[in-house]
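# Structure at a glance
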Amino acid sequence: ETKQVDVLFTHDTHSHLNSFSTIVDGEQKEVGGFAKIKTLINEKKKEDPDTLILDGGDFSMGTLIQTVYDTEAAELRMLGYLGYDVTTFGNHEFDYRSQGLANMLRAAKSSGETLPEIVVCNVDWDSMEKAGLNDGQKQIQSAFETYGVKDYVMVQKGDVKIAVVGVFGKDALECAPTCELLFKDPVESVKKTVEEIKKN
(Lines give C-alpha, C1' and ligand atoms only; values in the text may rest on other atoms or scores of the structure.)
Protein backbone atom coordinates (compact mmCIF):
# COMPACT_ATOMS: atom_id res chain seq x y z
CA GLU A 1 0.00 0.00 0.00
CA THR A 2 1.10 3.56 -0.60
CA LYS A 3 3.18 5.23 2.08
CA GLN A 4 4.40 8.80 2.14
CA VAL A 5 7.68 10.15 3.49
CA ASP A 6 8.39 13.87 3.66
CA VAL A 7 12.05 14.77 3.19
CA LEU A 8 13.82 18.07 3.87
CA PHE A 9 17.25 18.24 2.26
CA THR A 10 20.12 20.72 2.36
CA HIS A 11 23.68 20.77 1.11
CA ASP A 12 26.55 23.25 0.87
CA THR A 13 25.58 25.25 3.94
CA HIS A 14 29.31 26.13 4.28
CA SER A 15 29.48 27.25 7.92
CA HIS A 16 26.69 29.81 7.32
CA LEU A 17 25.18 29.43 10.78
CA ASN A 18 24.25 33.12 10.54
CA SER A 19 22.36 34.77 7.70
CA PHE A 20 24.24 37.01 5.29
CA SER A 21 23.55 39.88 2.90
CA THR A 22 23.76 39.27 -0.85
CA ILE A 23 22.22 40.33 -4.18
CA VAL A 24 19.23 38.24 -5.31
CA ASP A 25 17.58 39.19 -8.62
CA GLY A 26 19.21 42.61 -8.48
CA GLU A 27 18.10 43.33 -4.90
CA GLN A 28 20.07 43.32 -1.65
CA LYS A 29 18.61 40.58 0.58
CA GLU A 30 19.36 38.82 3.86
CA VAL A 31 19.57 35.10 3.10
CA GLY A 32 20.51 31.81 4.69
CA GLY A 33 21.31 31.06 8.28
CA PHE A 34 20.43 28.13 10.51
CA ALA A 35 17.66 30.07 12.30
CA LYS A 36 15.70 30.10 9.03
CA ILE A 37 16.38 26.40 8.49
CA LYS A 38 15.19 25.67 12.03
CA THR A 39 11.98 27.64 11.39
CA LEU A 40 11.31 25.60 8.23
CA ILE A 41 12.05 22.33 10.03
CA ASN A 42 9.72 23.26 12.90
CA GLU A 43 6.93 24.20 10.47
CA LYS A 44 7.31 20.95 8.54
CA LYS A 45 7.48 18.85 11.71
CA LYS A 46 4.19 20.39 12.89
CA GLU A 47 2.58 19.03 9.72
CA ASP A 48 4.52 15.75 9.80
CA PRO A 49 6.55 14.84 12.91
CA ASP A 50 8.12 11.97 10.92
CA THR A 51 9.82 14.20 8.35
CA LEU A 52 13.25 12.89 7.32
CA ILE A 53 15.92 15.61 7.45
CA LEU A 54 19.08 15.07 5.42
CA ASP A 55 22.22 17.03 4.54
CA GLY A 56 24.40 16.28 1.52
CA GLY A 57 27.73 17.53 2.88
CA ASP A 58 29.94 20.59 2.47
CA PHE A 59 28.47 21.79 5.76
CA SER A 60 31.81 23.41 6.62
CA MET A 61 34.15 26.14 5.34
CA GLY A 62 32.90 29.54 4.23
CA THR A 63 32.58 31.85 7.25
CA LEU A 64 34.60 32.74 10.35
CA ILE A 65 32.89 29.84 12.14
CA GLN A 66 35.21 27.53 10.17
CA THR A 67 38.09 28.75 12.35
CA VAL A 68 36.82 26.49 15.16
CA TYR A 69 35.99 23.59 12.79
CA ASP A 70 38.49 21.16 14.26
CA THR A 71 38.14 22.18 17.92
CA GLU A 72 34.41 22.86 18.40
CA ALA A 73 32.71 21.12 15.43
CA ALA A 74 30.13 23.92 15.44
CA GLU A 75 28.64 22.99 12.07
CA LEU A 76 28.09 19.31 12.84
CA ARG A 77 26.79 20.02 16.34
CA MET A 78 24.39 22.59 14.90
CA LEU A 79 23.06 20.04 12.38
CA GLY A 80 22.35 17.80 15.37
CA TYR A 81 20.66 20.63 17.26
CA LEU A 82 18.44 21.40 14.26
CA GLY A 83 17.31 17.77 14.17
CA TYR A 84 19.08 16.44 11.08
CA ASP A 85 18.92 12.67 10.86
CA VAL A 86 21.84 12.00 8.50
CA THR A 87 24.63 13.82 6.67
CA THR A 88 27.67 12.86 4.58
CA PHE A 89 30.97 14.44 3.55
CA GLY A 90 31.61 16.92 0.78
CA ASN A 91 35.06 17.91 -0.48
CA HIS A 92 35.27 20.88 1.91
CA GLU A 93 35.18 18.65 4.99
CA PHE A 94 38.77 17.76 4.00
CA ASP A 95 40.01 21.38 3.72
CA TYR A 96 41.91 21.16 7.02
CA ARG A 97 43.43 17.88 5.91
CA SER A 98 43.02 14.51 7.59
CA GLN A 99 43.92 15.78 11.04
CA GLY A 100 41.35 18.59 10.80
CA LEU A 101 38.53 16.20 9.84
CA ALA A 102 39.57 13.67 12.49
CA ASN A 103 39.69 16.39 15.16
CA MET A 104 36.28 17.70 14.10
CA LEU A 105 34.67 14.26 14.39
CA ARG A 106 36.22 13.71 17.82
CA ALA A 107 35.22 17.19 19.04
CA ALA A 108 31.64 16.61 17.90
CA LYS A 109 31.48 13.22 19.64
CA SER A 110 33.05 14.47 22.87
CA SER A 111 30.50 17.33 23.04
CA GLY A 112 27.96 14.75 24.24
CA GLU A 113 25.29 16.46 22.13
CA THR A 114 22.82 14.85 19.72
CA LEU A 115 24.54 14.53 16.35
CA PRO A 116 23.39 13.43 12.91
CA GLU A 117 24.49 10.03 11.63
CA ILE A 118 27.28 10.23 9.04
CA VAL A 119 27.27 7.84 6.08
CA VAL A 120 29.77 7.22 3.26
CA CYS A 121 29.95 3.83 1.56
CA ASN A 122 32.85 4.13 -0.88
CA VAL A 123 35.95 4.77 1.22
CA ASP A 124 38.45 2.16 -0.04
CA TRP A 125 39.90 1.02 3.28
CA ASP A 126 40.99 -2.33 1.76
CA SER A 127 43.31 -0.70 -0.80
CA MET A 128 44.70 1.74 1.75
CA GLU A 129 45.35 -1.00 4.33
CA LYS A 130 46.99 -3.18 1.66
CA ALA A 131 49.36 -0.33 0.79
CA GLY A 132 49.87 0.51 4.48
CA LEU A 133 47.89 3.32 6.06
CA ASN A 134 49.72 6.64 6.32
CA ASP A 135 49.34 8.83 9.43
CA GLY A 136 46.47 10.88 8.01
CA GLN A 137 44.53 7.79 6.97
CA LYS A 138 45.04 6.24 10.41
CA GLN A 139 43.74 9.43 12.06
CA ILE A 140 40.59 9.43 9.94
CA GLN A 141 40.00 5.70 10.38
CA SER A 142 40.21 6.09 14.16
CA ALA A 143 37.92 9.15 14.11
CA PHE A 144 35.39 7.34 11.89
CA GLU A 145 35.26 4.56 14.50
CA THR A 146 34.93 7.07 17.36
CA TYR A 147 32.07 8.92 15.67
CA GLY A 148 30.42 5.83 14.21
CA VAL A 149 30.61 6.68 10.50
CA LYS A 150 28.86 3.92 8.51
CA ASP A 151 28.18 2.89 4.90
CA TYR A 152 24.44 3.34 5.51
CA VAL A 153 21.95 3.70 8.35
CA MET A 154 18.37 2.59 8.84
CA VAL A 155 15.96 5.32 9.93
CA GLN A 156 12.41 4.64 11.11
CA LYS A 157 9.91 7.39 10.26
CA GLY A 158 6.37 6.47 11.28
CA ASP A 159 5.58 3.14 9.65
CA VAL A 160 8.32 3.48 7.04
CA LYS A 161 11.85 2.08 7.39
CA ILE A 162 14.35 4.03 5.28
CA ALA A 163 17.93 3.15 4.35
CA VAL A 164 20.10 6.23 3.89
CA VAL A 165 23.33 5.71 1.94
CA GLY A 166 26.17 8.22 1.65
CA VAL A 167 28.65 8.37 -1.21
CA PHE A 168 31.65 10.57 -2.02
CA GLY A 169 31.47 11.53 -5.71
CA LYS A 170 34.25 11.59 -8.29
CA ASP A 171 33.82 15.34 -8.74
CA ALA A 172 34.10 15.81 -4.96
CA LEU A 173 37.41 13.95 -4.98
CA GLU A 174 38.71 16.11 -7.84
CA CYS A 175 37.85 19.17 -5.71
CA ALA A 176 39.58 17.80 -2.58
CA PRO A 177 43.34 17.98 -3.17
CA THR A 178 44.02 17.70 0.58
CA CYS A 179 42.02 14.46 0.92
CA GLU A 180 44.31 11.52 1.70
CA LEU A 181 41.66 8.83 1.36
CA LEU A 182 41.13 6.51 -1.58
CA PHE A 183 37.59 5.94 -2.85
CA LYS A 184 35.91 3.17 -4.81
CA ASP A 185 33.68 3.92 -7.79
CA PRO A 186 30.59 5.65 -6.36
CA VAL A 187 28.02 3.90 -8.59
CA GLU A 188 29.42 0.40 -7.99
CA SER A 189 29.73 1.08 -4.25
CA VAL A 190 26.11 2.21 -3.99
CA LYS A 191 24.94 -0.88 -5.92
CA LYS A 192 26.84 -3.18 -3.54
CA THR A 193 25.57 -1.29 -0.50
CA VAL A 194 21.97 -1.54 -1.73
CA GLU A 195 22.43 -5.32 -2.17
CA GLU A 196 23.70 -5.51 1.41
CA ILE A 197 20.73 -3.47 2.66
CA LYS A 198 18.29 -5.79 0.88
CA LYS A 199 20.03 -8.84 2.37
CA ASN A 200 19.87 -7.39 5.87
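Residues numbered from 1 in each chain as written. Predicted model: local features only at pLDDT ≥ 70, side-chain atom pairs only at ≥ 80, totals over all residues. Heavy atoms only, no water.

So, on to the overall build of the chain. Helix and strand counts for the chain come out as 8 helices and 8 strands. In terms of overall dimensions, the chain is globule-like: its C-alpha atoms have a radius of gyration of 18 Å, near the 16 Å expected for 200 residues. C-alpha atoms of the chain, sized along the principal axes, occupy 50 × 50 × 35 Å. Long-range pairs, those at least 24 residues apart, make up 77% of the contacts in the chain between residues at least 6 apart in sequence. (Helix = DSSP H or I, 4+ residues; strand = E, 2+ residues; numbered from the N terminus. Rg over C-alpha atoms; globule rule 2.2 N^0.38 Å. Contact = heavy atoms within 4.5 Å.)

Our next topic: a nonpolar patch on the surface. The grouping of Val5, Val7 and Phe9 at the surface amounts to a nonpolar patch, some 260 Å² of accessible area in total. Structurally, Val5 can be placed in the segment before strand 1 (7-10). What makes Val5 partly exposed here is its relative accessible area of 32%. (Patch = residues over 30% accessible without salt bridge, like charges linked within 9 Å, V, L, I, M, F, W, Y side chains within 5 Å. Areas by Shrake-Rupley, 256 points an atom, 1.4 Å probe, with all protein chains shown as cover. Salt bridge = Lys/Arg side-chain N within 4 Å of Asp/Glu carboxyl O. Buried < 20%, exposed > 50% of the residue type's maximum accessible area, 1.4 Å probe, protein only.)

Glancing now at helix 3 (residues 74-82). Looking at helix 3, one finds that the buried residues are Glu75, Leu76, Leu79, Gly80 and Leu82. Angular distribution of buried residues about the axis of helix 3 spans 165 degrees; they occupy a single face of the element. Where helix 3 terminates, the next one or two residues include Gly83, which has phi positive at roughly 100 degrees. (Arc of directions from axis to C-beta.)

A few words on unusual backbone geometry. Residues other than glycine predominantly adopt negative phi, and peptide bonds predominantly adopt the trans conformation. At Asp12, a position not held by glycine, the phi torsion is positive, near 55 degrees. Assignment of secondary structure puts Asp12 in the loop between strand 1 and strand 2 (20-24). Here Asp25, not a glycine, exhibits a phi torsion of approximately 50 degrees, which is positive. Relative to the assigned elements, Asp25 resides in the loop between strand 2 and strand 3 (27-31).

What the rule picks out here adds up to 8 salt bridges. Of the charged contacts, one joins Lys150 and Glu117 as a salt bridge, the two residues approaching to 3.2 Å between their closest N and O atoms. With Lys150 in the loop between helix 6 (135-147) and strand 7 (152-157) and Glu117 in strand 6 (residues 117-118), the pair connects residues that are 33 residues apart, well separated along the chain. A relative accessible area of 38% places Lys150 in the partly exposed class. Residues Asp185 and Lys170 are paired through a salt bridge, measuring 3.1 Å at the closest nitrogen-oxygen approach. With Asp185 in the loop between helix 7 (170-174) and helix 8 (186-199) and Lys170 in helix 7, this residue pair connects regions lying 15 residues apart in the sequence. A relative accessible area of 31% places Asp185 in the partly exposed class. Each of the salt bridges in this network shares a partner with another, and the network as a whole consists of Asp6, Lys44 and Glu47.

Scope: geometric values only; no functional claims are made or implied.
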